[in-house]
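A structural walkthrough
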Amino acid sequence: MLYKNVWKTLAGKWMQLLAIAVIIVMSSLTYTMMFYGISGIEVPTEEYLASSNQEDFAVEMLNRVTEEEAATPALADFIAAGRYTLADLKRDDEAAFEALIDSRIDAIVREMGDVTLELRSSKLFNFTFDGKEHRGLVLKDADTINLSYLEAGRPPSADDEVAINTKSAEKNGIDIGDTIDLGSPFTVTGFVLFPDYTLPLFDDNFFNLDPGTQTLLLMTDSAYETLSGTESFRLAGVTDETVQTDVDLPFVISVMETENIMRSGAIYSEISSGKAMALGLSLFIVSIAVIIVAILISNMLEAERGQIGLLKAIGYSRRQIALPYLVLILLFATVMLVVGYFLGLYFADPLKDLYLDFYLLPSITIAQSPLVFLTAVFAPLLFFTLVAGAVIYKLMGESALALLSPRDNVSLNRLSRIVSRLLRNARGKTKFKYLYAVKSTGSFIIFFFGTLFSTLLIVFALMMNGAVDRMTVGELNEADYAYEAYTTTQPTLRDGQEPFLTYPFAFVEDKLVTLKGLDDTATLYRLTDRDGNDLTPASDEVIVSASLALKLGLEAGDTLEVALDNETLSYPVRGIADEYAGDIVYLARTALSEQLSDGTSRDLFNGIYATERPDETDYPTILSRDSLIDQSKSINEYMNFMMNVMIGGSALIAFSILFVLTALTVEKNYYVISLLKVMGYDRREVRSMILDSYFVYALVSALLSIPIALLVLRLIIVLFAQDYGLVLPLEFEWMYLVYTLGAVTLLFFASTFISRRKIDNIPLQEVLKTYQE
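Please read these numbers as outputs of a predicted model, since none were measured by experiment. In this numbering scheme, every chain counts its residues from 1 along its sequence in written order. Where totals are concerned, whole chains, interfaces and linings use all residues; where local detail is concerned, this predicted model gives features only for residues with pLDDT of at least 70, and gives and counts side-chain atom pairs only at 80 or more. Hydrogens are left out, water is left out, and the side-chain values use all remaining heavy atoms of the structure.

Comments concerning the overall build of the protein
Spelled out, the test is: Under the DSSP-based scheme used, a helix requires at least four consecutive residues in state H or I and a strand at least two consecutive residues in state E, with every element numbered from the N terminus. Each residue is assigned to one of three classes by its accessible area relative to the maximum for its type, calculated with a 1.4 Å probe on protein chains only: buried under 20%, partly exposed between the two thresholds, exposed over 50%. Any two residues whose heavy atoms approach within 4.5 Å at even a single point are treated as in contact. With residues, only the protein chains shown are counted as cover, and all accessible areas are computed by Shrake-Rupley using a 1.4 Å probe.
A tally of regular secondary structure across the protein gives 26 helices and 21 strands. Considering the protein as a whole, with its 773 residues, one finds that 52% of them fall into the buried category. Here the contacts in the protein between residues at least 6 apart in sequence split such that 80% fall between residues at least 24 apart. As presented, the protein carries roughly 35400 Å² of accessible surface, and 56% of it is formed by carbon and sulfur atoms.

Below, the structure is given as structure tokens:
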């Protein structure tokens with residue numbers, strides 16, 4: 001009989017329970033989906049990285065001969081010929097190159113102690129496939145460190161064979177045995193992975209991550225040597241000791257542990273932070289659900305105090321009365337948690353595939369784990385049991401007489417006193433309106449922080465909008481050239497071609513930067529600041545990229561010291577260019593040319609911007625502007641998807657919280673609403689006095705979310721800049737405030753629509769009925 005009565009009571013609140021169910025399901029779903037999705041790449045990744053002997057650290061070194069090295073007799077003729085890069089030296093005299101690398105390794109070992117180092121050689125080149133321009137990074141097969149891993153097929157054994165990434169093959173419909181044109185025909189023999197490239201990052205642009213238009217490749221050593229491309233070198237290292245990162249050698253740019261290298265270490269932070277986030281989000285969401293359930297139970301029991309007192313008076317024990325409430329609530333929670341678990345299991349595979357769209361890793365079929373099920377279902381259930389049991393136990397502990405007697409008015413809580421003092425000069429109607437919303441401290445705290453959390457997610461999602469464009473192709477969208485090409489000679493310039501000069505071996509505050517010389521008459525590639533004003537390079541001033549300015553805290557008018565070989569040059573900063581694709585210092589091409597040629601020439605250039613595709617014999621490396629823009633589409637789609645998920649999830653949580661709490665507020669105040677109607681207030685006034693105070697508090701929480709979001713944003717930017725050298729151009733625009741308040745307004749009135757209708761339907765006679773009782 002008791003079970004039947006409690007069931008009928010709960011069935012009458014099916015709409016509130018449905019909203020609570022959404023929150024409970026989201027809690028279990030979030031944890032299960034993220035845990036299984038991440039585990040689907042974590043287990044095989046650990047085995048793969050161990051078997052392939054992934055580097056413990058990497059030594060980024062100057063890809064040119066230093067002044068100290070140039071002083072040796074063996075390199076005197078090489079330097080005198082005007083060549084200075086390691087790639088030039090390797091082509092000119094391979095024995096001298098190998099001797100130079102051996103001397104560098106010996107110098108680092110003397111500094112670092114018990115370490116093993118191996119040269120890591122790579123070539124970056126462009127090729128066309130199915131009418132689209134692609135980028136390839138060919139890695140020379142290693143001997144002991146960063147061994148290649150074949151997911152399928154076999155490694156190439158002939159000079160016309162190649163292995164590529166599985167994801168690139170999938171996106172372009174390439175199978176083992178197919179032939180692709182990489183300047184000459186190559187037969188695909190297998191699908192390869194490299195442990196030092198779990199992210200396909202080929203340059204300083206951290207967000208060019210489209211596996212469909214760029215791939216890692218493995219060739220035979222002889223095919224690698226004959227391939228035309230931009231060659232670069234670094235040293236991979238392993239050690240059983242703590243990695244020493246402060247190596248002070250002229251040719252060493254940095255020594256970074258793998259965990260702090262974006263191309264290989266990002267997966268570690270992704271796995272660890274992903275699991276922590278899964279648990280944290282799950283606990284936060286389930287805490288909201290538990291507290292709302294506790295409020296629901298408390299309201300139910302308060303409404304039935306008389307019936308419960310009567311049951312106790314005729315001999316029912318506390319346990320007999322409490323058990324139906326507790327069992328049915330826990331049954332409801334269990335069903336929702338199990339539903340969330342299986343939904344999470346269903347969405348885990350798509351989440352894993354989403355990771356593998358960018359991370360070049362092996363994967364396994366997701367297998368269920370009893371521990372995950374217990375954590376996703378029974379851990380929250382225990383939480384439910386403790387909180388719901390405590391609420392029920394407390395109320396059931398009152399005597400039958402106390403339950404049958406009307407409850408005395410509870411004195412004002414601390415929050416109510418604060419609000420009352422703030423409104424001491426307000427009208428009585430206004431005081432009632434804003435004090436009623438804070439009458440229940442627990443309900444108000446859940447409402448306030450739930451709304452704050454939701455609006456925080458909305459603000460973050462809005463700030464993500466356009467961030468990838470700014471990092472990848474922001475300046476390309478404004479440029480007028482069609483091709484960017486590089487040369488090692490000085491070809492004759494033609495119509496529609498504008499030269500530039502780059503030197504990627506300068507330092508600013510021990511940070512490697514690229515010097516780029518542009519003409520002041522250039523029209524195909526123009527620099528602009530954040531406000532869209534044109535910036536023109538001058539002979540005695542420099543312009544710096546926004547990413548470098550953010551890392552070094554530079555502003556227009558500051559003085560920048562540039563270390564070039566053994567000389568330090570000082571320049572005033574003329575402006576900050578609105579681009580994030582690298583750490584670049586722009587200056588006049590004539591000034592840079594004079595500096596690099598020791599005053600013998602003002603006309604050096606090693607690249608051009610062109611409106612028509614230049615001759616490949618003059619320019620071996622040609623980049624299409626349209627292709628570079630296309631390469632950013634994949635990461636843009638991913639970021640847009642994440643933005644929609646954040647906005648959708650936050651809106652769902654906020655809607656559920658607002659709906660449940662406002663519905664409970666109306667149910668709890670039938671007498672007060674009826675009394676207000678008897679006193680002559682019309683429906684609109686009653687709705688305003690009971691519900692609209694929540695609207696003001698919701699707007700306050702939304703406004704508070706802005707400075708909190710900006711503070712967290714600043715911490716994130718600093719963290720990524722320090723740990724990975726990555727500047728996230730997340731920006732806040734004042735229109736986002738309008739969008740956020742608009743979203744909160746829409747959510748509020750949508751979630752309170754039914755509650756407003758209930759207020760309209762409460763009869764005047766309710767107050768008389770209550771008075772008679």
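Let us keep going from here.
Some remarks on the environment of Ala21
Its location among the elements puts Ala21 in helix H2 (residues 14-51). Taking the relative accessible area as the measure of exposure, Ala21 reaches 7% and is therefore buried. Note: C-alpha distance between Ala21 and Leu337 (316 residues apart in sequence) is 8.7 Å. Not counting residues up to four positions away in its chain, the partners in contact with Ala21 are Phe332 and Met336.

A short note on the pattern of salt bridges
Just so we agree on the cut-off: Each reported salt bridge corresponds to a side-chain nitrogen of Lys or Arg within 4 Å of a carboxyl oxygen of Asp or Glu.
Per the stated rule, a full pass over the model turns up 19 salt bridges. Among the ionic pairs, Arg263 bridges to Glu60, the shortest N-O distance being 3.7 Å. Of the two residues, Arg263 is situated in helix H9 (residues 262-303) and Glu60 in strand S1 (residues 57-61); the sequence distance between them amounts to 203 residues. Of the residues examined, Arg263 reaches a relative accessible area of 8% and is grouped as buried. By relative accessible area, which is 29% here, Glu60 ends up partly exposed.

Some details on the side chain of Glu133
Structurally, the position occupied by Glu133 is in strand S3 (residues 132-139). What makes Glu133 buried here is its relative accessible area of 11%.

Re the sheet that holds S1
Rule in force here: Paired strands are those between which DSSP finds at least two bridges. Angles here are taken between N-to-C directions and fall from 0 to 180 degrees, while the axes themselves are lines fitted to C-alpha atoms, restricted in helices to the stretch in contact.
Judged by pairing direction, the sheet is mixed, and its six strands sit side by side in the order S8-S3-S2-S9-S1-S10 without closing on themselves. On the outer flanks of this sheet lie strand S8 (214-217) and strand S10 (252-257), each paired with one strand and no other. Neighbour-to-neighbour, the strand axes of the sheet open up by a mean angle of 25°, direction not taken into account. Two elements, S1 and S10, share five bridges in a ladder whose sense is antiparallel. Bridging from a neighbouring strand, Phe57 pairs with Glu257 of S10.

Overview of unusual backbone geometry
Most of the time, phi is negative for any residue but glycine, and the peptide bond is trans. Phi is positive for Asn53, which is not a glycine, with a value near 55°. One can find Asn53 in the loop between H2 and S1. Overall, the relative accessible area of 30% leaves Asn53 in the partly exposed class. The phi angle at Asn146 is positive, at roughly 60°, despite the residue not being glycine. For Asn146, the location among the structural elements is in the loop between S3 and strand S4 (149-153).

A look at a negative patch on the surface
Counted only if it meets this: Exposure above 30% relative accessible area and the absence of a salt bridge qualify a residue for a patch, where like charges join within 9 Å and nonpolar side chains (Val, Leu, Ile, Met, Phe, Trp, Tyr) within 5 Å. Counting rule for charge: Lys and Arg are taken as positive, Asp and Glu as negative, and neither His nor the chain ends is counted. The atoms used to mark charge sites are NZ of Lys, CZ of Arg, CG of Asp and CD of Glu.
Together, Glu111, Asp246, Asp248, Glu509, Asp510 and Glu561 give the surface a local cluster of negative charge. Following the sequence through the fold, Glu111 ends up in helix H6 (residues 94-112). In this structure Glu111 comes out as partly exposed when scored by relative accessible area, which is 35%.

A short note on helix H19 (residues 589-596)
Residues of H19 that are buried: Arg589, Ala591, Leu592 and Ser593. Those residues of H19 that are buried lie in contact with strand S12 (497-508), strand S13 (511-518) and strand S19 (584-588). Where H19 terminates, the next one or two residues include Asp598, which has phi positive at roughly 55°.

Section: the pairing of strand S5 (residues 161-164)
Note on strand geometry: in a regular strand, side chains alternate between the two faces of the sheet. Every second residue of S5 is oriented toward a common face, with Glu161 and Ala163 on one face and Val162 and Ile164 on the other, all of them buried. Strand direction decides the pairing type here: S5 and strand S7 (residues 185-193), joined by four bridges, are parallel. Counterpart to Ala163 in the pairing with S7 is Gly190.

Examining a nonpolar patch on the surface
Judged by side-chain polarity, Leu331, Val335, Val339, Leu343, Tyr346 and Phe347 come together as a nonpolar surface patch covering roughly 540 Å² of accessible area. Among the structural elements, Leu331 can be located in helix H11 (residues 318-356).

Brief notes about the side chain of Glu484
Keep this limit in mind: Within 3.5 Å is the distance limit for a polar contact, defined as a pair of N or O atoms, with the added protein rule that one can donate a hydrogen and the other accept it, and that residues adjacent in sequence qualify only through two side-chain atoms.
Mapped onto the elements, Glu484 comes out in strand S11 (residues 483-486). Look at Glu484: it is buried, it has no salt bridge, and the nearest opposite charge is Lys516 at 4.4 Å. Among the polar contacts made by the side chain of Glu484, one reaches the side chain of Tyr481 at a distance of 3.5 Å. Separated by 2.4 Å, the side chains of Glu484 and Tyr486 make a polar contact.

Overview of the packing of aromatic side chains
Two aromatic rings are characterised by how far apart their centres lie and by the angle between their planes. Condition: Only centres within 6.5 Å qualify two rings of Phe, Tyr or Trp (six-membered ring in Trp) as a pair; their planes then separate them into stacked at under 30 degrees, edge-to-face at over 60, and tilted for everything else. Both a distance and an angle decide whether a charge sits over a ring: NZ of Lys or CZ of Arg must be within 6 Å of the ring centre and within 35 degrees of the ring normal.
In the structure shown here, the tally under the stated rule is 14 aromatic pairs. Consider the rings of Tyr341 and Phe342, whose centres lie 5.2 Å apart with planes at 85°: the pair is edge-to-face. By relative accessible area, Tyr341 is classed as buried at 1%. Pairwise contacts between aromatic rings join Tyr36, Tyr341, Phe342, Phe373 and Phe378 into one cluster. Above the plane of the ring of Tyr224 lies Lys123, whose end atom (NZ or CZ) is 4.9 Å from the centre. One residue, Lys516, lies across the ring of Phe500, its end atom 4.7 Å from the ring centre.

Regarding the nonpolar core
Short version of the rule: By nonpolar core we mean a set of buried residues, namely Ala, Val, Leu, Ile, Met, Phe, Trp, Tyr and Cys, connected to one another through side-chain atoms within 4.5 Å.
In terms of nonpolar packing, the biggest core is built from 71 residues, with Ile24, Leu216 and Phe384 touching the most fellow members. Within the residue set of this core, elements represented by two or more residues are H2, S3, S7, H9, H11, helix H12 (370-396), helix H16 (441-464) and helix H21 (633-668). Phe57, Val65, Val243 and Val252 belong to the second largest nonpolar core, which has 28 residues in total.

As for the confidence of the model for the protein
A low pLDDT score tells you not to read the predicted coordinates there in detail. To keep things clear, this is the line we draw: Confidence per residue, as judged by the predictor, is encoded in pLDDT with a range of 0 to 100.
Chain-level pLDDT for the protein is 79 on average; 78% of the residues reach the 70-or-more range. Per-element confidence in the protein ranges from a low mean pLDDT of 52 for helix H26 (residues 765-772) to a high of 94 for S5.

Side note on the pairing of S13
Both S12 and S13 contribute to a ladder of six bridges, which runs antiparallel. Paired with Tyr503 across the strands is Leu515, a residue of S13. In this antiparallel pair of consecutive strands, S12 and S13, the connection spans two residues, and Glu509 shows a positive phi of 50°. As paired strands, S13 and S19 are joined by five bridges and run parallel to one another.

Digging into H6
Heads up, the rule is: An expected span of 1.5 Å times one less than the residue number is assigned to each helix.
Taking 1.5 Å per residue, 19 residues should reach 27 Å; H6 reaches 27 Å between its end C-alpha atoms and fits that length. Inspection of H6 places Ala96, Phe97, Leu100, Ile101, Arg104, Ile105, Ala107, Ile108 and Met112 among the buried residues, and these make up the whole buried set.

A closer look at the environment of Phe233
Within the secondary structure layout, Phe233 lies in strand S9 (residues 230-238). Under the relative-accessibility criterion, Phe233 is labelled buried at 2%. When the C-alpha atoms of Phe233 and Ser121 are compared, they prove to be 4.8 Å apart, with 112 residues separating the residues in sequence. If sequence neighbours within four positions are ignored, Phe233 has contacts with Met61, Asn63, Leu86, Ala87, Lys90, Phe97, Leu119, Arg120 and Ser121.

Some remarks on the environment of Ser122
For Ser122, the location among the structural elements is in strand S2 (residues 116-129). Sequence separation between Ser122 and Glu231 is 109 residues; the distance between their C-alpha atoms is 5.6 Å. Filtering out sequence-adjacent residues up to four positions away, Ser122 remains in contact with Leu137, Val138, Leu139, Tyr224, Thr230, Glu231 and Ser232.

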